[in-house]
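Examination of the molecular architecture
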Amino acid sequence: MALRTIRLQGDPVLTKKCREIESLTPKISQLIDDMLETMYEAEGVGLAGPQVGVLRRVVVIDIGDGPLVMINPVLLESDGEQSGDEGCLSLPGKAGVVTRPNYVKARAYNRYMEEFEVEGTELLARAICHELDHLEGHMYTEKVEGGIHDVQPEEE
Ligand code: ZN
């Protein structure tokens, strides 16, 4: 595994639509391993392909329940509403209030290209919506209400 460089807002790769992954290749498996390692190292809860410069439809998420790998994810259902602070590894040290569904159901393929469905509420719903937006070339900053603010680093 290897750490990948996280692309920061302003990098044009973050504004492009991603292509589907047709089949599992060693390169894709490596990409997934690297994305997980990069996300954990950066202490993020999610990371999408374009954030490491790869315009493919793959995201990794971990809200503290273990890794969730989603290849070619599709949102099936959403319900409710939640408003809260959201951040992004492509805009470190910043956050802003975004309204998202409080529940989502999505379909995707796992790292073995097996189809599965996942349901999430609260943080998981937020993370899924945030990462799926990246695959369409969108950042949360386009949806922020009331401006972006600085986040104080947590005290060790
Ligand atoms: Zn993000």
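As shown above, the structure is provided for reference.
One structure accompanies this document, and this report is about it.

Cut-offs and rules
- Positions within a chain are numbered from 1, following the residues in the order the chain's sequence is written.
- Reporting in this predicted model follows two pLDDT cut-offs: at least 70 for local features of residues, and 80 or more for side-chain atom pairs to be given and counted; totals over whole chains, interfaces and linings ignore these cut-offs and use all residues.
- Each side-chain value is worked out from all heavy atoms of the structure, with water and hydrogens disregarded.
- Each helix is a run of H or I in the DSSP string that is no shorter than four residues. Each strand is a run of E no shorter than two, and both are numbered from the N terminus.
- Per-residue accessibility, obtained with a 1.4 Å probe over protein chains only, is compared with the maximum for each type, and a residue is labelled buried under 20%, exposed over 50%, and partly exposed between these values.
- Under the rule applied, a polar contact is a pair of N or O atoms within 3.5 Å (in protein, one hydrogen donor and one hydrogen acceptor; residues adjacent in sequence only if both atoms are side-chain atoms).
- Between two residues, a contact is recorded if the distance between any of their heavy atoms is within 4.5 Å.
- Between any two strands, pairing holds if DSSP finds at least two bridges.
- Each axis is a line fitted through C-alpha atoms, taken for helices only over the stretch in contact, and angles between the N-to-C directions span 0 to 180 degrees.
- In the cavity and pocket records, a cavity denotes points on a 1 Å grid over the protein atoms alone where a 1.4 Å probe fits but cannot get out, a pocket denotes an open set with protein on both sides within 12 Å along at least 5 of 7 lines, and lining residues are residues with an atom within 4 Å of a point.
- Grid points are joined across faces, edges and corners, and a volume is the space filled by probe spheres set on the points.
- Three classes are used: nonpolar for Ala, Val, Leu, Ile, Met, Phe, Trp, Tyr, Cys and Pro, charged for Asp, Glu, Lys and Arg, and polar for all others, with Gly counted as polar.
- Salt bridge, as applied in this entry: a Lys or Arg side-chain nitrogen positioned within 4 Å of an Asp or Glu carboxyl oxygen.

Here the focus is unusual backbone geometry. In the Ramachandran plot, asparagine 72 falls in the positive-phi region, its phi being about 50° despite a non-glycine side chain. Within the secondary structure, asparagine 72 is located in strand β3 (residues 68-79). Phi is positive for glutamate 122, close to 50°, though the residue is something other than glycine. Along the chain, glutamate 122 turns up in helix α2 (residues 122-135).

Attention now moves to the side chain of histidine 130. Along the chain, histidine 130 turns up in helix α2. A residue is classified by how much of its surface remains accessible, and histidine 130, at 6% relative accessible area, is buried. A polar contact of 2.7 Å, which involves the side chain of histidine 130, links it to the side chain of glutamate 86. Those residues in contact with histidine 130 that lie beyond four places of it in its chain are Glu86, Gly87, Cys88, Arg100 and Tyr140.

Read across the sheet, three strands follow the order β4-β5-β8 without closing on themselves; strand pairing throughout is antiparallel. Lying at the two open borders of the sheet, with one neighbouring strand each, are β4 (82-86) and β8 (145-150). Mean inter-strand twist for the sheet, computed between neighbouring axes without regard to direction, equals 25°. Inspection of the sheet shows strand β5 (residues 94-100) paired to β8 by four bridges, in the antiparallel sense.

On to the layout of surface pockets, then. Estimated volume of the second largest pocket: approximately 170 Å³. In the lining of the second largest pocket, the residues fall into four nonpolar, two polar and five charged.

Here the focus is the environment of proline 101. When you line up the elements, proline 101 lands in the loop between β5 and β6 (103-109). The spatial distance from the C-alpha of proline 101 to the C-alpha of histidine 149 is 22 Å, given a sequence separation of 48 residues. Residues in contact with proline 101, not counting those within four places in the same chain, are Ser78, Asp79, Gly80, Glu81, Gln82, Ala125 and Cys129.

To continue, consider the side chain of arginine 126. Take arginine 126: it is sitting in helix α2. Exposure remark for arginine 126: the relative accessible area of 7% places this residue in the buried category. Of note is the side chain of arginine 126, whose polar atom sits 3.1 Å from the backbone oxygen of valine 98. Residues in contact with arginine 126, not counting those within four places in the same chain, are Gln82, Ser83, Gly84, Asp85, Glu86, Val98 and Arg100.

The next point concerns the pattern of salt bridges. Counting across every chain of the model gives 14 salt bridges. A salt bridge links aspartate 133 to arginine 100; its shortest N-O distance comes to 2.9 Å. With a gap of 33 residues between them, aspartate 133 in helix α2 and arginine 100 in strand β5 connect regions that are remote in the sequence. Pair check on accessibility: aspartate 133 and arginine 100 agree, each one buried.

Spatial relationships are all this shows, so hold off on functional conclusions.
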